[in-house]
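Listed below, chain by chain, are the residues.
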Amino acid sequence: MTDSQGLTCLITIHGMGFQHAPADGVPGYADGLHESLRESLPGLIGSDPVSEFGRGAGEGAIYVHSDWPPGSGKMNEGLKRLGVWPRDDVSHRTVDTTGVPLRDRDCPIAHVALVYAGLEEQQPHLGASIETLMKGIISHGNYASLPSLVGMGMMDLWAVVKQQRSGPQTLTPSLQVRGAVMTGGAVRAQQNPSSPLDVFRQLDHDVTTYVVRNDLRERVRTFLHDALLRLCFRDDVAHLVINSHSLGTVLAFDTIRTLPPIAAGKVRHLITAGSPLRKFTDLFYWG
């Protein structure tokens, strides 16, 4: 690996159920962030050099799917956007980057947004919700007193009710609950207004399944682990900066600590927003 080009790769990881690529004119979940960064750091951040998702080359962040084409369940095909492991390299320390550039021009920063929607299960899991609730009740003393927790819950509930009373609002793409519909055998994003109540339900669903469902947890971890390894072993990538939001922070933290030292050395920063790490540690005795 060489640092000769000094490319820094920003990796955005959102909570489960909130990541979606652009489709049918609907911006991808990381496009708002991407445009804000381009305005704040002019000339420093490149856009996707490959024409995808019905848009031209040089537009928005690079979206990497856990399955490609969407709905196919082919994880390796989606990860090929970051490079391919050569078959004759059993050490998995070199990546063939032919035809998969990370920037459209000579910019020092590339932006990759991960989409692991194909690994999720959208149906509710009552058992997971009940088990997670019981874990939280048993260990709530590690986080806050019971009256404080009740107060927090009431404040959150009131915020949802207040938002609902104020009428429909347009949420940013990063807060839209991902939807999917079948069209001609293909999966495309569904324009979902995502009311505050929808967002609250999705957050609850994400947390409970990640805490209880080990099969789901390992699926998303495997995808992120492979994505990070491919980026770390690209010759054109010098550093990684991980930008995580909500449950994506827990996923990122869980995965980073399993990286081999030679790869982990490239991860320079973990930037979090809405991090629930303390809740997972104190309420669910997490790792």
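As shown above, the structure is provided for reference.
Calculation rules
- Numbering of residues begins from 1 in every chain and follows the order in which that chain's sequence is written.
- Per-residue local features of the predicted model are confined to residues with pLDDT of at least 70, and side-chain atom pairs are confined, for both listing and counting, to 80 or more; whole-chain, interface and lining totals are unaffected and use all residues.
- Remark: hydrogens and water are excluded; side-chain values derive from all non-hydrogen atoms of the structure.
- Helix and strand labels come from DSSP, where a helix needs a run of H or I of at least four residues and a strand needs a run of E of at least two; each type is numbered from the N terminus.
- Working definition: with a 1.4 Å probe on protein chains only, accessible area under 20% of the residue-type maximum means buried, over 50% means exposed, and in between means partly exposed.
- For two strands to pair, DSSP has to find at least two bridges joining them.
- Take a side-chain nitrogen of Lys or Arg and a carboxyl oxygen of Asp or Glu: if they are within 4 Å of each other, that pair is a salt bridge.
- A fitted line through C-alpha atoms serves as each axis, taken over the contacting stretch for helices, and the angle formed by two N-to-C directions is quoted from 0 to 180°.
- Here, residues are in contact when the closest pair of their heavy atoms is within 4.5 Å.

Chemist: I would appreciate a short explanation of unusual backbone geometry in the present structure.
Modeler: Generally, phi is negative for residues other than glycine and the peptide bonds are trans, each holding for most cases. Positive phi, normally seen in glycine, also occurs at Ser 246, with a value near 55°. In this structure, Ser 246 sits in the loop between strand 6 (237–245) and helix 7 (247–256). The buried category is assigned to Ser 246, whose relative accessible area is 13%.

Chemist: So what exactly am I meant to see when it comes to the pairing of strand 1 (residues 7–13) here?
Modeler: Side chains on a regular strand alternate between the two faces of the sheet. Of all seven residues making up strand 1, seven are buried, and the element is well covered by its neighbours. Burial of the side chains of strand 1 extends over both faces: Leu 7, Cys 9, Ile 11 and Ile 13 are buried on one face and Thr 8, Leu 10 and Thr 12 on the other. Taken together, the seven bridges between strand 1 and strand 6 define a ladder with parallel strand orientation. Within strand 6, the residue paired with Leu 7 across the bridge is Val 237. Two elements, strand 1 and strand 3 (residues 109–115), share five bridges in a ladder whose sense is parallel. Directly across from Ile 11, in strand 3, lies its bridge partner Val 112.

Chemist: What is the right way to read the pattern of salt bridges from this model?
Modeler: Think of it this way: side chains of opposite charge can pair up when their charged atoms draw near. By the definition in use, this model includes 13 salt bridges. Close ionic contact of Glu 77 with Lys 80 constitutes a salt bridge, the shortest N to O distance being 3.0 Å.

Chemist: Explanation requested: the sheet that holds strand 3 in the structure shown.
Modeler: Read across the sheet, five strands follow the order 2-3-1-6-7 without closing on themselves; strand pairing throughout is parallel. A strand with exactly one partner marks an edge of an open sheet, and here the two such strands are strand 2 (62–65) and strand 7 (267–273). Going across the sheet, the axis of each strand differs from the next one's by a mean of 25°, ignoring polarity. Both strand 6 and strand 7 contribute to a ladder of six bridges, which runs parallel. Each bridged residue has a counterpart across the sheet, and for Leu 240 the counterpart in strand 7 is Val 267. Against the sheet, helix 7 touches strand 1, strand 6 and strand 7, its axis set at about 140° to strand 6.

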